[in-house]
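Working through the structure, step by step
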Amino acid sequence: MSFLIEHIEGHTAVLTINNPPANTWTAESLNELRLKVEELNNDPDIYALVLTGEGEKFFSAGADLKLFADGDKGNAATMARCFGEAFETLSAFRGVSIAAINGYAMGGGLEVALACDIRIAEEQAQLALPEATVGLLPCAGGTQNLTALVGEGWAKRMILCGERIDAAKAREIGLVEEVVGKGEALSVAIALATKAAKQSPSSVTVCKQLIQAGRNMPRAQALPLERELFVALFDTQDQKEGVNAFLEKRAANWKNA
């Protein structure tokens, strides 16, 4: 069984989490996600990735808690490693990644959305990191990525108090960038990905690295790095193509090099 349904639209890969009824994660599906992102990373024709959930109710409900019912620490370590490797690989994807949140995003389901660059949520979506309710914690980047997006106060409300929020509140606190009607998240995400495909892939990669470096790099280090990477872009074909396409009033033909 494939846990991810893939189809390509132009320069965008659309991945659909497919593990009914709640699109939960398993070690197998996490490994499949990691391998798929690595594959897309090596495909020069792919500039963006959109992730959504199969069906109308769930984006993803996270891990299947039955996996942890026996209290096996070895199994817990394996699952934590699988979650970390998969979502960190997604976060490091060289292009633009967009989560089209079409329903419940709970636990590891919200964490995979947090690993994406941009989040589009449908109005009926519910978002939560309820791990502490069952004696666990968000181990796939949740404590760090949520705090980076919404600040310490709201991260503590959601993680320490188990507060579940709707799409409107998620937009208000900066957890998602846009709220759309039911059934519209995927099309809006693909349209946004199409905009990203008009950007230089080389530029997108280094800009993304700089933005994410700001989470843990002092500004005094980040600013010189920004200038250094600007100059480094002059070694790429994209830089020459982009400037000349603008001057010649034509669309750029990116080579991702």
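One can find the structure itself at the top, above this paragraph.
Residues numbered from 1 in each chain as written. Predicted model: local features only at pLDDT ≥ 70, side-chain atom pairs only at ≥ 80, totals over all residues. Heavy atoms only, no water.

Counted by the stated rule, this structure contains eleven salt bridges. Where Lys36 meets Glu6, a salt bridge forms, and the shortest distance between an N and an O atom there is 2.6 Å. One end of the pair, Lys36, is in helix α1 (residues 27-41); the other, Glu6, is in strand β1 (residues 4-9), and 30 residues separate them in sequence. For Glu6, a relative accessible area of 32% puts it in the partly exposed group. Arg81 serves as the salt-bridge partner of Glu85, at 3.6 Å between the closest nitrogen and oxygen. One end of the pair is Glu85 and the other is Arg81, both in helix α2 (residues 73-91) and four residues apart, which spans about a single turn. Judged by its relative accessible area of 34%, Glu85 falls in the partly exposed class. Residue Arg81 is classed as partly exposed on the basis of its relative accessible area, which comes to 44%. Among the charged side chains, a salt-bridge network with shared partners connects Glu6, Lys36 and Glu39. (Salt bridge = Lys/Arg side-chain N within 4 Å of Asp/Glu carboxyl O. Helix = DSSP H or I, 4+ residues; strand = E, 2+ residues; numbered from the N terminus. Buried < 20%, exposed > 50% of the residue type's maximum accessible area, 1.4 Å probe, protein only.)

Another aspect to go through is a nonpolar patch on the surface. Nonpolar side chains collect at one region of the surface, where Leu65, Val134 and Leu136 lie side by side and expose about 240 Å² of accessible area between them. Structurally, Leu136 is set in the loop between β8 (126-128) and α4 (142-160). Classification of Leu136 by relative accessible area gives partly exposed; the value is 35%. (Patch = residues over 30% accessible without salt bridge, like charges linked within 9 Å, V, L, I, M, F, W, Y side chains within 5 Å. Areas by Shrake-Rupley, 256 points an atom, 1.4 Å probe, with all protein chains shown as cover.)

On to the environment of Thr52. Looking at where Thr52 falls in the secondary structure, it is placed in strand β3 (residues 48-53). For Thr52, the contacting residues outside a window of four places in its chain are Leu15, Thr16, Ile17, Phe59, Ala100, Asn102 and Leu186. A polar contact is formed between the side chain of Thr52 and the backbone oxygen of Ala100, at a distance of 2.9 Å. In this structure the side chain of Thr52 is engaged in a polar contact, spanning 3.3 Å, whose partner is the side chain of Asn102. (Contact = heavy atoms within 4.5 Å. Polar contact = N/O pair within 3.5 Å; in protein donor to acceptor, adjacent residues only side chain to side chain.)

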